[in-house]
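# Fold and contact review
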Amino acid sequence: MNAETRLRYSACPHDCPSTCALEIEALDENTIGRVRGARENSYTAGVICSKVARYAERIHHPERLLHPLRRIGAKGEGRFERITWEAALDEVAEALLKAEQRHGPETVWPYYYAGTMGLVMRDGINRLRNAKRYSGQYSTICVTLAWTGFLAATGKLAGCDPREMADAEVVVIWGTNAATTQVNVMTHALAARRARGAKIVVVDTYRNATAEQADLFVCVRPGTDGAVACAVMHCLFRDGHANREYLARYTDCPEALEAHLQSRTPIWASAISGVPVETIEAFARLVGEHPKSFFRLGYGFSRQRNGAINMHAAACIPAVTGAWLHKGGGAFHNNGAIFHWDRSLIEGSDLRDPGVRLLDQSRIGAVLTHDEKALSGGPPVTALFIQNTNPMSVAPDLNVVRRGFLREDLFTCVHEQFMTDTAKMADIVLPATMFMEHDDLYQAGGQQHILLGPKIVEAPGECRSNHDVICALASRLGASHRGFAMSSREIIDWTLRQSGWGDLERLERERWIDCQPDFATAHYLEGFGHPDGKFHFAPDWSKVGPQAFGAGHQWPSLPDHHAVIETSSETLPFRLVTAPARQFLNSSFTETPSSRRREKHPSLMMHPEDISALGMADGARIKVGNARGEVELVPESFDGLQRGVVICESLWPNDAFPGGLGINALTGADPAGPVGGAAFHDNSVWVRPA
């Protein structure tokens, strides 16, 4: 590091639970150098993923959006002309006001998600929404099913200190390809292996990078995790590994659970899941003989129509063994409940009108194509303001989404960093800053820190932050809230103070705040989060969230395999999983040359016997389809999955596919689970030679 280089600290803003603490070389006021994991942070421990380590390639990318643009071609054609910021903001405000005058404020839908996880830059759009009484957003595209299942069990979205994985005797990584999507899980799991010979168990649908490092890989058919969990618990009761004293004190109905599991044998589960009986027995034996088993439960559960049931069933295993009693034992999914934020200034929640309708984020296609149920009986959506997400790539049922965006009566403004598939559909495109170019506040999902992301370098061109754009629009739209007159630093300082975490000066000095509760609280030794203080084997699914957004099924009263998934058939013989690609993060990093080069091209992992049975050659082009659409891919022979299961690691931009639409042309947007959600890994498809 030369004399002019400054080492600055920040936090990774991308939608990964790790929320890594970063060390960044600032070469000058406009340029960064290397990006590393912060060695002093006890969770990040100096380790970050390779794509973020190459962030200089992204932030200094020659194709970044630098100026406001107005569409001059057809929607989706990608032809724009440069305009000034004043003209752009005036046109957006005029379009929103005209839409509101014609149909009322609910015709405008501010649409966002997790392109940045910073609280100010991600959630500030809700302040504009609430001040104007625009349509609300029910966010279902990622976490809903997994959170619901975990909450149904524990009553609280929190668990054991994830750093305790390093103290475990068995680490169970279930429903997450951690080596790809949250690399720090592997840091602590592998530390346990080195220190005490801990065993790593991975439960997933294919032999991915995480499974490659497992001592025991449990390869399940998509959507059958609940059956495996029940069979493991059957063995625990059968073999005397159930901690009956713990069960009697901390759980709601252990006797009913044991009776229910009598018929949920490994043979029963094997027929459903395809997992060999001996693998299920070995899994049960490991966690039964080692109560210090740490269950790291991921977001893969959110991708199946029965995902909430499966998450709940998996979370029940450490309750049967009493693993929660031990350091290095228990379960963890997300720590959202430990931060106790006052979000009123960020989100303008003090202005929220509960009578304003909520629209399901995952059903944006149905909303934009005038589906009456999706619109909740309200007016059509005729104006979209989009930040932090790329629905023309990431939303399910993409053919329907595309039809909606192509409506000539729909005005769309997209605030973005690159010309994404969604930006190409916009009437106005606004250039956005990246995380090192503005101040923001971060709450870790997969760990326990509050982190500061300060401005490190100047933004290129005319890029403006989400907060600045929201405030500029608010003044033109007549929206009033004190947060619109404050800087992002002032909002961060106020939010920290009101939430009991000190102030901005403290966070700047300390760089991050460790919010981990004490052992007894984190392990629920003083009672779980339900009113009765018990872990719930028998949750009341009717009370876990807004049922109006769910599928309306009868949910099982105890852990089980819930057969509401899409199943293979003679016409749709394959089950498709659209798993995360290692070098992409949702649709971020797809523009980075090194990431694209490493991922090569969209492909479909298939069992070699399936390729042979279809008379296809490895590497020849194929088509994959169902009633929702079809895409063209290249098959890749891969024996690390079950026959009848195919994997497409995603998300490639639409133009990477010959037909111009990506893999989400095959995924369904029908509501899943008790409270809604998008089942991206739950698809039945056919496969044919192209």
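Here's a quick rundown of the structure.

What follows deals with the sheet that holds strand β19 (residues 512-514). Strand order in the open sheet formed by three strands is β17-β18-β19, with antiparallel pairing between adjacent strands. The outermost strands of the open sheet, each flanked by one partner alone, are β17 (440-443) and β19. Along the sheet, successive strands turn relative to each other by an average axial angle of 15°, direction set aside. Here β17 runs beside strand β18 (residues 449-453); their pairing, made up of four bridges, is antiparallel. In the strand pairing of β18, Asp440 is matched with Gly453.

The tally for this structure, following the rule as stated, stands at two cavities of 30 Å³ or more. Each pocket or cavity is described by its volume, and for the largest cavity that value is around 40 Å³. Along the walls of the largest cavity sit Lys156, Ala158, Gly159, Asn335, Ile338, Gln516, Pro517, Thr521, Ala522 and Tyr524, which together make up its complete lining. For the lining of the largest cavity, the class distribution of residues is five nonpolar, four polar and one charged. The computed volume of the second largest cavity comes to approximately 30 Å³. Of all the secondary structure elements, the ones that give two or more residues to the lining of the second largest cavity are α4 (119-123), α5 (125-132) and α19 (466-477). For the lining of the second largest cavity, the residue count by class is four nonpolar, four polar and one charged.

Looking now at the layout of surface pockets. Rolling a probe over the atoms, with the probe sized like a water molecule, indicates the empty space that remains. Taken as a whole, the second largest pocket spans an internal volume of roughly 410 Å³. Contributing to the lining of the second largest pocket are 21 residues, with Glu599, Ser603, Met605, Glu636 and Glu649 lying nearest its centre. When residues of the lining of the second largest pocket are assigned to their parent elements, the largest contribution, three residues, is made by strand β23 (residues 629-637).

Here we come to the packing of aromatic side chains. Per the stated rule, a full pass over the model turns up 16 aromatic pairs. On the basis of an interplanar angle of 25° and a centroid distance of 4.6 Å, the ring pair of Tyr246 and Tyr250 is categorised as stacked. Of this pair, Tyr246 and Tyr250 are both found in helix α10 (residues 244-250), four residues apart, which corresponds to roughly one turn of the helix. You'll find Tyr246 and Tyr250 in the same group, each marked buried.

So, on to the pattern of salt bridges. Applying the stated criterion across every chain, the model contains 51 salt bridges. As a salt-bridge pair, Arg34 and Glu25 come within 3.0 Å of each other at their nearest N and O atoms. Salt bridges sharing common partners tie together Arg305, Glu566, Arg575, Arg628, Asp670 and Asp682.

Relative to the assigned elements, Ser293 resides in strand β11 (residues 293-297). According to the relative accessible area criterion, Ser293 is buried, its value standing at 1%. For the pair Ser293 and Gln417, spaced 124 residues apart in the sequence, the C-alpha separation amounts to 42 Å. Setting aside anything within four residues of it in sequence, one finds Ser293 in contact with Val170, Leu286, Val287, Ala323, Gly328, Gly329 and Gly330.

A cis amide bond, omega 10°, links Ser650 with the succeeding residue Leu651. Mapped onto the secondary structure, Leu651 falls in the loop between β24 (645-647) and β25 (683-689). The phi dihedral of Asp397 is positive, around 55°, even though this residue is not glycine. Residue position: Asp397 is located in the loop between α17 (391-394) and α18 (398-405). The phi dihedral of Lys600 is positive, around 75°, even though this residue is not glycine. Here Lys600 shows up in the loop between α23 (593-599) and β21 (603-606).

Between two packed helices, both the angle of their axes relative to each other and the distance between the axes serve to describe the pair. Contact geometry of α5 with α19 gives a least axis separation of 9 Å together with a crossing angle of 15°. One way to sum up the angle between α5 and α19 is to call them roughly parallel. Considering only the axes of α5 and α19, their crossing is right-handed. Contacts between α5 and α19 involve Ile125, Arg127, Leu128 and Lys132 on the former and, on the latter, His467, Ile470, Cys471, Ala474 and Leu477. Of the residues in the contact of α5 with α19, the class split is six nonpolar, one polar and two charged.

A word on the environment of Asn399. Along the chain, the position of Asn399 falls in helix α18. In this structure, the C-alpha to C-alpha distance between Asn399 and Ala665, residues 266 residues apart in sequence, is 5.6 Å.

Across the sheet, which stays open at both edges, the three strands sit in the order β1-β2-β3 with antiparallel pairing between neighbours. This sheet does not close on itself; its edge strands, each paired only once, are β1 (6-11) and β3 (31-37). The sheet shows a mean angle of 30° between the axes of neighbouring strands, taken without regard to direction. Across six bridges, the pairing between β1 and strand β2 (residues 21-28) is antiparallel. Each bridged residue has a counterpart across the sheet, and for Leu7 the counterpart in β2 is Glu25.

Each value, and the rule that gives it
- Residues numbered from 1 in each chain as written.
- Predicted model: local features only at pLDDT ≥ 70, side-chain atom pairs only at ≥ 80, totals over all residues.
- Heavy atoms only, no water.
- Pairing = 2+ DSSP bridges.
- Helix = DSSP H or I, 4+ residues; strand = E, 2+ residues; numbered from the N terminus.
- Axes fitted to C-alpha atoms, helices over the stretch in contact; angles between N-to-C directions.
- 1 Å grid on protein atoms, 1.4 Å probe; cavity = no way out; pocket = protein on both sides within 12 Å on 5 of 7 lines; lining within 4 Å.
- Points joined across faces, edges and corners; volume = space filled by probe spheres on them.
- Nonpolar A, V, L, I, M, F, W, Y, C, P; charged D, E, K, R; others polar.
- Phe/Tyr/Trp six-rings, centres within 6.5 Å; stacked < 30°, edge-to-face > 60°.
- Buried < 20%, exposed > 50% of the residue type's maximum accessible area, 1.4 Å probe, protein only.
- Salt bridge = Lys/Arg side-chain N within 4 Å of Asp/Glu carboxyl O.
- Contact = heavy atoms within 4.5 Å.
- Parallel < 35°, antiparallel > 145°, perpendicular 65-115°, else oblique.
- Left-handed = near helix turned anticlockwise from the far one by under 90°.

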